[in-house]
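Residues per chain, in single letters:
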Amino acid sequence: MERALNSIRAVLITAVICIVLFSDDARSFYLPGVAPEDFEKGDSLSVKVNKLTSIKTQLPYSYYSIPYCRPNTIIDSRENLGEVLRGDRIENSRYVFRMREPQLCNVLCRVELDPKSSKAFKEKIEDEYRVNMILDNLPLVVPIPRSEQEGPPIYQLGFYVGLKGQYAGSKEEKYFLHNHLNFVVKYHKDPQTYTSRIVGFEVTPFSVKHEYEGKWTENTRLATCDPHAQRIVTSSSSPQEVEDKQEVIFTYDVTFQESNVKWAMRWDTYLLMADDQIHWFSIVNSLMIVLFLSGMVAMIMLRTLYRDISRYNELETHEEAQEETGWKLVHADVFRTPSNSDLLCVYVGTGVQFLGMVVVTMIFAVLGFLSPSNRGGLMTAMLLLWAFMGIFAGYAAARLYKMFKGTEWKKIAVNTAVFFPATAFALFFVLNALIWGEKSSGAVPFGTMFALVFLWFGISVPLVFLGSYIGFKKPVIEDPVKTNKIQRQIPEQAWYMNPIFSILIGGILPFGAVFIELFFILSSIWLNQFYYIFGFLLIVFVILLITCAEITVVLCYFQLCSEDYLWWWRSYLTAGSSAVYLFLYAVFYFFTKLDITKPVSGALYFGYMLIASYAFFVLTGAIGFYACFWFTRLIYSSVKID
């Protein structure tokens, strides 16, 4: 309940002060190089534990859901909205270090396994769960040397609970527990003050069956790990097996290494991308698509349209306009109100809301406001920005609605405020119920659900109404040409101008512009990897905007030239169809890159990817619609119509 109240408090504080202040803890508003903590030699360093994670199940669990060594009192750290939604559960632990004072063979606790605890450990080892810890806001990583090339190691977030293996000469598979941890704390020393700042937190896990003489007491010395006898753990030659009635002794070593890495640069090591050439290839690939489309648009705008407009105006001059051909022929129908115009207004307004959210989030991320040290900050910022962008959604929907001769602006405001969020929230609620059934820490508690509902109805809905009111009060957008009362019949179209075919074709290029970067985004979400290359992402997003706009304009021109004036919905669906390819790629990624076998985990993956694809459809559709809207108004205002 306390965690839920903290989530609600975070939302309330944010709504009052500023969008970027999105955390309970003031230090969560982080800029690289701000608010370091200095440690004197001998200062206490408390290690916090976070959730257990698995890329096989995608279901996080709290650290103490399995029988690890518990402190006398478990204290939950305050978590922001994004952390709770991610399933983070940050708690204190029994691991306590002294700054720059190495410790060897520290005994944490002794546990005797029973059938329940041994089963819990085996299940987590089977599902390849990792243990996550935090020291001075740095996540614990396992350095893995590169096999093919020299350079810095690859860092894996967290260490595995254990591993499966076989004894020599035996085919029976056993479960072994990582019960000895060799920590390495890297620090940067200030030559003037002699204080130190933590710049790295690494671990090497071992499975060791500890031995000792006599009965176990608090002062018992281990025969397998004794610094006085110069016996330290260097391998897992005699591993700790997980079985009923087995005795497990948890131990750890701590060593301190001085580093030249400064505190402000300590995240660079974690975020180092070894394959940045692939990102550049992605951008070059996307730019080639943009250049191709830009060439087509330039040809249409500068050559074809210029020639058409000149000819049409010349025909008007000589009173020969009776034999009109091409796109001018449908001038009296091109701005006719489309079918389901209310729904189109809702979708366009929601797309504007998402566009504003993504643009502002991207700017904050590129400027460094959404540092990875602020866990959950990105998700919290996106949710808050989505709520605040409701004013633009209402404005865009109401302006379009009034142009379609609508009069009930309150109805369109309600639909815009509720339609997409209700769909996403209903699916999210079902997925959350599945997580509750698995007793995972990823299940969103009731209080956080209330915070999300407050964001929706307390902030987003009123702002949508405000935007709709302002938009409806604006003068109506006048059409550049008059619309006939009698609807013109559309001639039979060629097979390649079939609406379904042209819409699906239109979505290929926008998806092709982003699919390489999409691989890294999916890997960061589902494979628990770092992603902080927002500079690349911003470039790709700009390319996506341009591609969506240009492909829609090109196909819209061809459609009008074939005397088909039903462009309103088709312009939206043409760019929005890229979401179909996004979801198909998510299916491909699931079967080729992930090792998910549990039905609940598969349902979570496809459920969340369905929500993401739906949001992508709304975003790209709005971009395509406005590009075509601008294009049609431009060309029809350039010709003389009697």
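Residues numbered from 1 in each chain as written. Predicted model: local features only at pLDDT ≥ 70, side-chain atom pairs only at ≥ 80, totals over all residues. Heavy atoms only, no water.

The chain is annotated in an unreviewed UniProt entry as Transmembrane 9 superfamily member from Salvia splendens. Recorded in UniProt under Sequence similarities (unreviewed entry), the annotation for the chain is "Belongs to the nonaspanin (TM9SF) (TC 9.A.2) family." (UniProt positions renumbered as here; feature names shortened; annotations may be inferred.)

S.K.: Any details on the overall build of the chain? Residues and values, ideally.
M.R.: A tally of regular secondary structure across the chain gives 16 helices and 13 strands. By the burial criterion, 53% of the 642 residues in the chain qualify as buried. Taking the intrachain contacts of the chain between residues at least 6 apart in sequence as the baseline, contacts between residues at least 24 apart amount to 80%. With an accessible surface of roughly 30,400 Å², the chain has 60% of that area assigned to carbon and sulfur atoms. (Helix = DSSP H or I, 4+ residues; strand = E, 2+ residues; numbered from the N terminus. Buried < 20%, exposed > 50% of the residue type's maximum accessible area, 1.4 Å probe, protein only. Contact = heavy atoms within 4.5 Å. Areas by Shrake-Rupley, 256 points an atom, 1.4 Å probe, with all protein chains shown as cover.)

S.K.: Provide a residue-level description of the environment of phenylalanine 176, including the pertinent values.
M.R.: As for its placement among the helices and strands, phenylalanine 176 is situated in strand 10 (residues 174-177). On the basis of relative accessibility, which here comes to 4%, the residue phenylalanine 176 falls in the buried class. Separated by 63 residues in sequence, phenylalanine 176 and proline 239 place their C-alpha atoms 6.4 Å apart. Beyond its immediate chain neighbours, meaning those up to four positions away, phenylalanine 176 contacts Ile125, Gly162, Leu163, Gly165, Gln166, Tyr167, Ser207, Pro239, Gln240, Glu241 and Val242.

S.K.: Go over the pairing of strand 12 (residues 196-206) with me, naming the residues and quoting the values.
M.R.: Burial analysis of strand 12 places nine of its eleven residues in the buried class, which makes it a mostly covered element. Sheet analysis places strand 11 (residues 180-189) next to strand 12, joined by ten bridges and oriented antiparallel. Note that in strand 12 the partner of lysine 189 across the bridge is serine 196. Turn length for the strand 11-strand 12 hairpin, with the two strands adjacent in sequence and antiparallel, is six residues, and the turn residue tyrosine 194 shows positive phi of about 65 degrees. (Pairing = 2+ DSSP bridges.)

S.K.: So, the pattern of salt bridges: which residues are in play, and what are the values?
M.R.: Within this structure, the stated rule accounts for 14 salt bridges. Salt-bridge contacts for arginine 86 lead to aspartate 88; the nearest nitrogen and oxygen are separated by 2.9 Å. Classification of aspartate 88 as buried rests on a relative accessible area of 0%. Salt-bridge contacts for glutamate 202 lead to lysine 186; the nearest nitrogen and oxygen are separated by 3.0 Å. Of this pair, glutamate 202 sits in strand 12 while lysine 186 sits in strand 11, placing them 16 residues apart in sequence. Taken together, the salt bridges that share partners define one network made up of Lys51, Arg86 and Asp88. (Salt bridge = Lys/Arg side-chain N within 4 Å of Asp/Glu carboxyl O.)

S.K.: Can you tell me about the state of the cysteines, naming the residues and giving the values?
M.R.: The term disulfide refers to a covalent linkage connecting the sulfur atoms of a pair of cysteines. Taken as a whole and judged by the stated rule, the model has two disulfides. The disulfide partner of cysteine 69 is cysteine 109, and the gap between their sulfur atoms is 1.8 Å. Judged by the sign of its S-S torsion, about -75 degrees, the bond between cysteine 69 and cysteine 109 is left-handed. Linking cysteine 69 in the loop between strand 1 (44-53) and helix 2 (81-86) with cysteine 109 in strand 3 (residues 103-112), this pair joins segments that are 40 residues apart in sequence. (Disulfide = S-S within 2.5 Å.)

S.K.: Break down the confidence of the model for the chain for me, citing the residues and quoting the values.
M.R.: When pLDDT is averaged along the chain, the result is 83, and 87% of the positions lie at 70 or above. Note on residues 1-33: pLDDT is under 50 here. Beyond four places in sequence and across chains, it has 66 contacts. Below a pLDDT of 50 lies the segment residues 318-324, which in the model reaches six contacts outside its immediate sequence neighbourhood of four places, other chains included. (pLDDT = per-residue confidence, 0-100.)

S.K.: Which residues make up the packing of helix 6 (residues 341-366) against helix 9 (residues 409-437), and what values go with them?
M.R.: Where helix 6 meets helix 9, the axes come as close as 9 Å, and the angle between the chain directions of the two elements is 55 degrees. As far as their axial angle goes, helix 9 and helix 6 are oblique. Note on packing geometry: the crossing formed by helix 6 with helix 9 is right-handed. Within the contact between the two elements, helix 6 uses Asp342, Leu343, Cys345, Val346, Tyr347, Thr350 and Phe354 and helix 9 uses Lys411, Ile412, Asn415, Thr416, Phe419 and Phe420. Each residue belonging to the contact of helix 6 with helix 9 can be placed in one class, and the counts come to eight nonpolar, three polar and two charged. (Axes fitted to C-alpha atoms, helices over the stretch in contact; angles between N-to-C directions. Parallel < 35°, antiparallel > 145°, perpendicular 65-115°, else oblique. Left-handed = near helix turned anticlockwise from the far one by under 90°. Nonpolar A, V, L, I, M, F, W, Y, C, P; charged D, E, K, R; others polar.)

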